[in-house]
Amino acid sequence: MSRRSRSATVRTTKAEGIGMSNSGGGHVSRRALIAGAVAAGGLMGQGRAAGSPVAHGRAVETAAQAGAVRIAPGDVRYENLLRGNNFRFVGQPDEIRVATSADQVVRAVDEAVRAGRRIAVRSGGHCFENLTAAPEVRTLLDLSGMDDVGYDAQRNAFSVQPGATLGQVYRALCAGWGVTIPGGGCPEVGAGGHFAGGGYGPLSRRYGAVVDHLYGVEVVVVGKDGRARVVVATREPGDPNRELWWAHTGGGGGNFGVVTKYWLRSPDDGERLLPPVPRNMVQHVVFWDWGQLTEEKLSGLLRNFGTWHERNSAPGAPQAGLYGVLEVKHQAGGVAMLAVQADADLPGVDAMVTEFVDAVSAGLGLTPVYDLRKTMPWLHRMTWPGTGEPGDVLTRRYKIKAAYLRRSFTPRQLNALWRNLTSPNGGAGSVLLIGYGGQANAVRPQDTAIAQRDVVVKAVYQSVWTEEHEDAANLAWVRALYRDVYADTGGVPVPNDVNDGSYINYADADLADPAWNTSGVSAQRLYYKDNYPRLQRIKARWDPRNVFEHALAIEPG
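Below or above, wherever it landed, is the structure these notes cover. What you see is a predicted model; the values in this text were computed from it and never measured.

This part covers the overall build of the protein chain. Each helix and strand counted, the protein chain has 14 helices and 17 strands in total. Here the protein chain, with 557 residues, has 63% of them falling under the buried criterion. For the protein chain, the accessible surface area stands at approximately 19,300 Å², while carbon and sulfur atoms represent 50% of it.

So, in structure tokens, the structure goes:
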């Protein structure tokens, strides 16, 4: 996009159609693959669960004009807006406030602070933990109605409100300007928490994390006097609020205030301002039947995937244009799956994809039961079918744990994976390895709040099930798996030559529980490493009353 071109704001509309996995892009349900068949990355801590409530009567219209709509228990809308994506967690706040402007957010926060009500902020509801549904939360601030996406001529940057879903963002940026961001592959996730936690997806190995393109934020903060106000912070070196911008480049949602707008512009400030939209994506998916796997062959798959990424994840490497996901389901699930996608216009892309697929299965003698390569338009890949998830309506109970890998698993870790993936329990579980690195490793750890800048893979350990009575068994399995894989470091991925902590958008409250984390390293250090003290200082400066807190919150320094 030319700097002198479009200045209009595009109001996005909700996409329609058949749903897809929470983080994926494949034709599989969340039960099959939380990360999707191809576009597994970039899940977020907070996403979109519902649109703006329909005005119901003159009293509601008057309230909306005066401030954020107030919805109390007993209102027909309360139950409909209460539940987030993970059905394990259902809060009981005194009120849900649905805001559609920064001014309404200010008023809602002011009122909650004066009344002494604990606040949680939700741009939708894809939080993996109960950070927005904890019993202590008395005011749930819903930003799903704030979903504008456009171009801000004054700041020469694209603006995104927190309630816009990734699907809306992709469609608006593509239709209006032919640009995009390297965000996650699930179109229903909201921008709010996804951006604040860092954000990544199928284009991140080529273009970096979403926050590597974050120019500024508009945030409602609460001062020492208990009053809320709007603050704008940018990455400009002379900006007196620059540290508040830095905190939102991976510091996680719900820590410093309420983000009411993001501005996006790549740091190189090129002619398009953001990465160009690929015309088409080539994707290749391979399934293997579990009956072919032995411990040696399973270990070989996992090790080969990690080794390929060790060798092909330097910034600027041709292979950095490839994005791969390996999912191994529990033995009862019956399959292991490899998926890769890339810009179809990359030089030599077909040969690179073939080399990648061959490298992962090299020397194992596995015969695929399904093997397909096809090409489709990028926007089709990222937003179709639709943004709903009808196949998951009855399966939204889950526990997800995660870690960064600097290199392939150790032999002891591979043995732990085999042991747990073949255990009597765990039929609803799986392990995913998601390709990372590339341009995401071109940024210094101190330049953004994302400290993990020399990793090559993200690992996800999950169990997804249907009924409440299945909770205990599934939680026990995934927790035991995780503790076993990281037994040498206190049950959690303490940074060393293999592990490198975890990703805040894959929120896991167990990391703050001494029953599951015996390492002596705090959850915050696992998420933020050496950047944590700086985040604590920013927290003390911008949230001195600790208004914004949750189970994994940054503590004031």
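Past the structure itself, the notes keep going.
Turning our attention to the pairing of strand β9 (residues 228-234). Across 7 bridges, strand β8 (residues 214-222) lies against β9 in antiparallel orientation. Pairing of Glu218 across the sheet is with Val232, part of β9. Counted between consecutive antiparallel strands, the loop separating β8 from β9 contains 5 residues, among which Gly226 sits at a positive phi close to 80 degrees.

Strand order across the open sheet formed by 4 strands is β2-β3-β5-β4, with mixed pairing between neighbours. Across the chains shown, the open sheet's two edge strands, defined by having one partner strand only, are β2 (69-71) and β4 (119-122). Across the sheet, the mean angle from the axis of one strand to that of its neighbour is 25 degrees, orientation sign disregarded. Where helix α3 (residues 102-115) meets the sheet, its contacts fall on β2, β3 (95-98), β4 and β5 (139-142), and the angle it forms with β5 comes to roughly 175 degrees.

On the surface, a nonpolar cluster with roughly 270 Å² of combined accessible area is contributed by Val369, Tyr370 and Leu372. With respect to the helices, strands and loops of the structure, Leu372 is situated in strand β14 (residues 370-377). Its relative accessible area of 35% is what places Leu372 among the partly exposed residues.

As a further point, take the packing of helix α8 (residues 295-311) against helix α9 (residues 349-361). At a minimum axis distance of 7 Å, the contact between α8 and α9 shows a crossing angle of 135 degrees. What the angle tells us is that α8 and α9 run oblique. Across the interface between the two elements, Gly300, Leu301, Asn304, Phe305, Trp308 and His309 from α8 touch Glu355, Phe356, Ala359, Val360 and Ser361 from α9.

Counting residues in each nonpolar core, the largest one holds 126 residues, and the members touching the most others are Phe409 and Tyr461. When residues of this core are assigned to domains, at least three fall in each of domain 1 (67-277) and domain 2 (280-529). Ignoring anything within four residues of it in the chain, the contact list for Phe409 reads Leu414, Leu417, Leu433, Ala459, Tyr461, Val485 and Tyr486. Grouped together as the second largest cluster of nonpolar side chains are 19 residues, Ala112, Leu143, Val222 and Phe548 included.

Once that is clear, we can look at the pairing of strand β12 (residues 323-329). With 7 of 7 residues buried, β12 lies mostly within the body of the structure. Alternating positions in β12 separate into two faces, Tyr323, Val325, Glu327 and Lys329 on one and Gly324, Leu326 and Val328 on the other, with burial throughout. With 6 bridges connecting them, β12 and strand β13 (residues 335-343) associate as antiparallel partners. What sits directly across from Glu327, in β13, is Met337. Counting the residues in the hairpin turn of β12 and β13 gives 5 residues, including Gly334, whose phi is positive at 90 degrees. Pairing between β12 and strand β16 (residues 429-435): 5 bridges, direction antiparallel. Paired with Leu326 across the strands is Leu433, a residue of β16.

Moving on to α3. With 14 residues, α3 extends 20 Å from end C-alpha to end C-alpha; this agrees with the ideal 20 Å at 1.5 Å per step. With respect to burial, α3 is a largely interior element, 10 of its 14 residues being buried. Along α3, the positions that sit buried rather than exposed are Ala102, Gln104, Val105, Val106, Ala108, Val109, Asp110, Glu111, Ala112 and Val113. Within two residues after α3, Gly116 carries a phi angle of roughly 70 degrees, on the positive side.

The next thing to look at is the side chain of Arg205. Here Arg205 lies in helix α6 (residues 204-207). Look at Arg205: it is buried, it has no salt bridge, and the nearest opposite charge is Glu355 at 9.1 Å. For Arg205, the side chain forms a polar contact with the side chain of Ser313, separated by 2.8 Å.

This part takes up the packing of helix α11 (residues 411-421) against helix α12 (residues 471-485). Relative to each other, α11 and α12 sit at 160 degrees, their axes nearing to 8 Å. When the axes of α11 and α12 are compared, the pair comes out roughly antiparallel. Both α11 and α12 take part in a crossing whose hand is right-handed. Two secondary-structure elements touch here, α11 through Gln413, Ala416, Leu417, Arg419, Asn420 and Leu421 and α12 through Trp477, Ala480, Leu481, Asp484 and Val485. Grouping the amino acids of the contact of α11 with α12 by side-chain chemistry returns 7 nonpolar, 2 polar and 2 charged.

Read across the sheet, 7 strands follow the order β14-β11-β13-β12-β16-β17-β15 without closing on themselves; strand pairing throughout is antiparallel. Every other strand in the sheet has two partners, leaving β14 and β15 (397-405) as the edge strands with one partner each. Within the sheet, the average angular offset between the axes of one strand and its neighbour, ignoring direction, is 15 degrees. For β15 and strand β17 (residues 457-465), the ladder comprises 9 bridges, and the chain directions are antiparallel. The partner of Lys399 across the bridge, within β17, is Ser463. Packed on one face of the sheet, α9 meets β11 (280-289), β12, β13 and β14 and runs near 155 degrees to β13.

Parameters and conventions
- Residues numbered from 1 in each chain as written.
- Predicted model: local features only at pLDDT ≥ 70, side-chain atom pairs only at ≥ 80, totals over all residues.
- Heavy atoms only, no water.
- Helix = DSSP H or I, 4+ residues; strand = E, 2+ residues; numbered from the N terminus.
- Buried < 20%, exposed > 50% of the residue type's maximum accessible area, 1.4 Å probe, protein only.
- Areas by Shrake-Rupley, 256 points an atom, 1.4 Å probe, with all protein chains shown as cover.
- Pairing = 2+ DSSP bridges.
- Axes fitted to C-alpha atoms, helices over the stretch in contact; angles between N-to-C directions.
- Contact = heavy atoms within 4.5 Å.
- Patch = residues over 30% accessible without salt bridge, like charges linked within 9 Å, V, L, I, M, F, W, Y side chains within 5 Å.
- Salt bridge = Lys/Arg side-chain N within 4 Å of Asp/Glu carboxyl O.
- Parallel < 35°, antiparallel > 145°, perpendicular 65-115°, else oblique.
- Core = buried A, V, L, I, M, F, W, Y, C linked by side-chain atoms within 4.5 Å.
- Domains from an automatic or database assignment.
- Expected span 1.5 Å × (residues − 1).
- Lys, Arg positive; Asp, Glu negative; His and termini not counted.
- Polar contact = N/O pair within 3.5 Å; in protein donor to acceptor, adjacent residues only side chain to side chain.
- Left-handed = near helix turned anticlockwise from the far one by under 90°.
- Nonpolar A, V, L, I, M, F, W, Y, C, P; charged D, E, K, R; others polar.

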